[in-house]
Every structure is written in C-alpha cells, then in structure tokens.
Amino acid sequence: MTGYKVANGNGHSNGNGNTKGTNGTNGHSNGHKSADYTAQENPTMCSRDCCSGPGGSNRGNTCSDKKGAKAGSLTGEKIIPTPQSLLGNGKIQCELTHEELRALRVLNEDTYPYEVIEEIADFITKGSGMRPKIGIICGSGLGSLADMIQDPKIFEYEKIPNFPVSTVEGHAGRLVVGTLEGATVMAMQGRFHFYEGYPLAKCSMPVRVMKLCGVEYLFATNAAGGINPRFAVGDIMLMHDHVNMLGFAGNSPLQGPNDPRFGPRFPALVNSYNKDLINKAIEIAKAMGIESNIHVGVYSCLGGPNYETIAELKALRMMGVDAVGMSTVHEVITARHCDMKVFAFSLITNKCATEYSDKKDDEANHDEVMAVAKNRQKACCELVSRLIREIHLASA
Ligand SMILES: O=P(O)(O)O[C@H]1O[C@H](CO)[C@@H](O)[C@H]1O
Ligand SMILES: Nc1nc2[nH]cnc2c(=O)[nH]1
C-alpha cells in the first residue's frame, strides 16, 4: 500500500513515512482578555420532588408550585422539566403527551442488547426487502447524500421500534434504503449526537443495526471546523485517523458488558480508516478536478453542543488535529468493533479561529455550517456516488 497522494499536503505525516508540509503555528499567545462577571439568578427548574406526591400530577411544561407562585416558579417563568424531574422511583410523575413519553423513554433507554438490534434490523430488511451492503451517515446539511438513492424505501426514525429521534436542524430523521450506482445502500438522514442527551452507545447503535442488516462498508460524513490553517471553507478532509476526546474523558460507545457477537472486548483501532478507499477517493477527486480541495487528515470529536474556545482549538492543533466536530468517532469505533470497512470525510464548513479577536466573523455558527454544506453538497454527492460505484464494480 502506498501513501496518500494529495497534491496539497496537510502538514501531517500520513503514517506511511510521507510528511507533508508544515504544521502551521502552534505557538501560544497570551492575549487573554479579562471578563466582567455579573451574578445572575438561576432560572428555576422543576425539581425531582416538585411534582411528586398526592395531587402532584402536573402537565408537562408547567408545574403549579405548591407555595402559590404564578406558573409554578418563584420568578413566574415557565418551568422546563428535565428527564430527572419527571421521573421518581422509575415512575412518571407528570402527565405527558404520547410524543413526550416516547422521547423520554428513548432518552432513558441506553442499552441495546443484541436481540433488540436484531429486531430493528429485521424491521428494516423485511420492510425494504433488501440487505444493504453499504451504510451512509449523512452529516449536518448533507442529507442530500440520501436523496441520490434510487427506489428508496423510507423509514421515519419515530416509526422504527426502539429508535431514537433526531433533534438537530439539518438532520431529517429518516433511514433511506435502496440502490446507488447499482449497490444496495442504507443511509441515515440524520445522526445522533452526544450533546442531544443520548449516551454514546445509543448515538452509534444504528451502526450495529447496519451491521445486522448486512452492511460491510460504513461511509460516515460530517460537517467540521477546519483547524489546519491550510484548510479552506468548502474543502473536504478525508479522515485517516482521529483523536477521541470523549474517550480521553473515559467515555466510549463500547462501555459496559461486551457482546462478542458484535466484536472483541478490546478492539484495536490502528488502521481504522480504510487506506484503499482513501486512495480511491483521492483518484476520484483528481478526476473530478477538485484535487486542490481535498486533504487527508485527523478529526477530533468533542462533546458539544458549544463550539470550541480558542485555547481548546490551539490545544487540538498541537495534538495534530486538523478538523473538529461533535460526531463520527463513536460511530467509527462501533463500526470497527464489528469489523466494518470505514470511509469517512469532513466537509470543512468553517475555519476555526486560533487567535483572540473581537470579530464576530470568527465565531462558528450552525447556520453557516448548514449553508456551506448546501453549497458543497454536489461535490460531496459525486465523491460518494463514484466511490460506491467503484466498490460495487470491484465486487461484481
Ligand atoms: O457532525 P455533524 O453531525 O455533521 O454536525 C456538526 O455540525 C453541528 C454543529 O454545527 C454538530 O452537530 C457537529 O457535529
Ligand atoms: N465542534 C465543532 N463542530 C463543528 N461542526 C461544524 N463546525 C464545527 C466546529 O467548528 N466545531
């Protein structure tokens, strides 16, 4: 296997002895600004005991406080219940609508035994009449990847038994099964993120569903902030490695009892990103004439939902990270655990500021992320469909 042959190197060694370019600036600047702190009253939250006890059954969002304050809070503000506030001794303490109840149950259910995953997979393979070979996860604003699928069978997440629901703009919440370039595929138009309140195992549970549906290749895509100074907005970074920040903090999608039917207790993660697929994608990018917008690099997943501070971005850069997001890594870990081949890329939707500045333009925001994804969806779709075509032809 040769190294990755991208014209504009990333300043990283690709693990095959080829060091490309320089790493940009990693130096510290002590431009910290002092901030004024103003004490703020805590908004009142519905507490665990708030609605419990006789007569304590209150409807969803408003909770009448027994001390008589208006609208149930000392400040008269609307109370936002938390899952914890609604549960007491495992029993729901407030009346909830059907949708609220379902969301709460799915939020609290964080283990997915093999049999449950099997049930979901059966639901999809029977419902679609297909055993797809390639799984696609569409990143923020990249749902159009699934729109390419021919003769699609569409499964709304909320209609799939035991499936979580999408809560993020740009993630439609549908599973699309069909064919693409002759290959059988299933695509998640909407992924699950840790910051939505789902445990990592639940965020990546659909990858196991894919496996039991018959999927051999995972294509994971994401929108990410570019930390490597050579990256421009709209570029595509083919992932060849990752830094798992949530893993550094002791969190893994594989935590808990290991079911060997999925994979081993201690999976190795070197060579997680399939080199053949990376090299094929580079060839395709050349043929598409977008070679100068393609990089090979390292992605890191943080918990979100906040974007990073300057100090965090500087630290990530020093660690060799080229692009940062809030997804993908736990999906890749789950896919490698069950021995799928992985291809993943980041669409660089914003440049991450690594110097202190007052400019609003330097602040990442989700609208910009979505707008860039929309602008670049054509190139992303072509890259994915051409690569799938190659996989399909090679296996035919
Ligand atoms: O990783 P995807 O789902 O593409 O989305 C990325 O974009 C969102 C932030 O704008 C976050 O969800 C981040 O993870
Ligand atoms: N964490 C993170 N996620 C993103 N998704 C898109 N852009 C960004 C970013 O700058 N940071």
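As annotated in an unreviewed UniProt entry, the protein chain is Purine nucleoside phosphorylase from Drosophila melanogaster. What the UniProt record of the protein chain gives under Pathway (unreviewed entry) is the line "Purine metabolism; purine nucleoside salvage."

Colleague: Whenever I open this one, the overall build of the protein chain confuses me. Can you help?
Modeller: Along the protein chain, the regular secondary structure elements total eleven helices and eleven strands. When the 396 residues of the protein chain are sorted by exposure, 49% land in the buried category. Partitioning the contacts of the protein chain with sequence separation of at least 6, the portion at a separation of at least 24 is 79%.

Colleague: Teacher, can you tell me more about the layout of surface pockets here?
Modeller: Rolled over the atoms, a probe sized like a water molecule indicates the empty space that remains. Looking at the largest pocket, its volume works out to about 650 Å³. Together, 35 residues line the largest pocket, and Tyr 307, Glu 308, Asn 350, Glu 363 and Ala 364 are the ones closest to its centre. Sorting the residues of the lining of the largest pocket by element identifies β7 (217-226), α9 (310-318), β10 (323-325), β11 (341-351) and α11 (366-395) as the ones contributing at least two each. Per-element tally for the lining of the largest pocket: the top contributor is β7, with four residues. Its residues placed into classes, the lining of the largest pocket shows 15 nonpolar, eleven polar and nine charged. Counted as a void, the second largest pocket has a volume near 420 Å³. The wall of the second largest pocket is formed by 24 residues, among which Tyr 112, Ala 201, Arg 208, Gln 255 and Pro 257 lie closest to the centre. Elements with a contribution of two residues or more to the lining of the second largest pocket: α3 (114-128), α5 (200-203), α6 (205-213) and α10 (329-337).

Colleague: Even after reading the chapter, I still don't get the site of ligand 1, so can you show me in this structure?
Modeller: Contacts to ligand 1 come from 13 residues, most closely from Ser 140, Tyr 195, Tyr 307, Ser 327 and His 366. The side chain of Tyr 195 places a nitrogen or oxygen atom 2.6 Å from an oxygen atom of ligand 1. Here Ser 327 contributes a side-chain N or O atom positioned 2.5 Å from an oxygen atom of ligand 1. When ligand 1 is considered free in solution it has 350 Å² of accessible area, and contact with the protein chains removes 96% of it. The site holding ligand 1 turns out to be the largest pocket.

Colleague: What am I meant to see in the pairing of strand β5 (residues 174-180) here?
Modeller: Two faces, one strand: in a regular strand the side chains alternate between the faces of the sheet. Of all seven residues making up β5, five are buried, and the element is well covered by its neighbours. Judged from the five bridges that link them, strand β4 (residues 150-156) and β5 form a sheet pairing that is antiparallel. Counted as the bridge partner of Gln 150 is Thr 179 from β5. Both β5 and strand β6 (residues 183-189) contribute to a ladder of seven bridges, which runs antiparallel. For Leu 175, the partnering residue across the bridge sits in β6 and is Met 188. If you look at the hairpin formed by β5 and β6, you'll find two residues sitting between the two strands, and Glu 181 has a positive phi there, around 55°.

Colleague: Can you walk me through the site of ligand 2 in this structure?
Modeller: Around ligand 2, the neighbouring residues are Ala 223, Ala 224, Gly 225, Tyr 307, Glu 308, Val 324, Gly 325, Met 326, Thr 349, Asn 350, Cys 352 and Val 369. Within the contact set of ligand 2, a nitrogen atom lies 3.3 Å away from a backbone nitrogen or oxygen of Gly 225. In this structure, Asn 350 approaches ligand 2 through a side-chain N or O atom, which is 2.7 Å from a nitrogen atom. Computed on the free molecule, ligand 2 has an accessible area of 280 Å², of which 95% lies beneath the protein chains in the complex. Here ligand 2 is seated within the largest pocket. Broken down by secondary-structure element, the contributors of at least two residues to the shell around ligand 2 are β7, β10 and β11. Among the elements that take part in the shell around ligand 2, β7 stands out by supplying three residues, more than any other. The residue makeup of the shell around ligand 2, split by class, is seven nonpolar, four polar and one charged.

About the thresholds
Residues numbered from 1 in each chain as written. Chains lettered and ligands numbered in written order. Predicted model: local features only at pLDDT ≥ 70, side-chain atom pairs only at ≥ 80, totals over all residues. Heavy atoms only, no water. UniProt positions renumbered as here; feature names shortened; annotations may be inferred. Helix = DSSP H or I, 4+ residues; strand = E, 2+ residues; numbered from the N terminus. Buried < 20%, exposed > 50% of the residue type's maximum accessible area, 1.4 Å probe, protein only. Contact = heavy atoms within 4.5 Å. 1 Å grid on protein atoms, 1.4 Å probe; cavity = no way out; pocket = protein on both sides within 12 Å on 5 of 7 lines; lining within 4 Å. Points joined across faces, edges and corners; volume = space filled by probe spheres on them. Nonpolar A, V, L, I, M, F, W, Y, C, P; charged D, E, K, R; others polar. Near = heavy atom within 4 Å. Polar contact = N/O pair within 3.5 Å; in protein donor to acceptor, adjacent residues only side chain to side chain. Areas by Shrake-Rupley, 256 points an atom, 1.4 Å probe, with all protein chains shown as cover. Sits in = over half its atoms within 2 Å of the grid points. Pairing = 2+ DSSP bridges.

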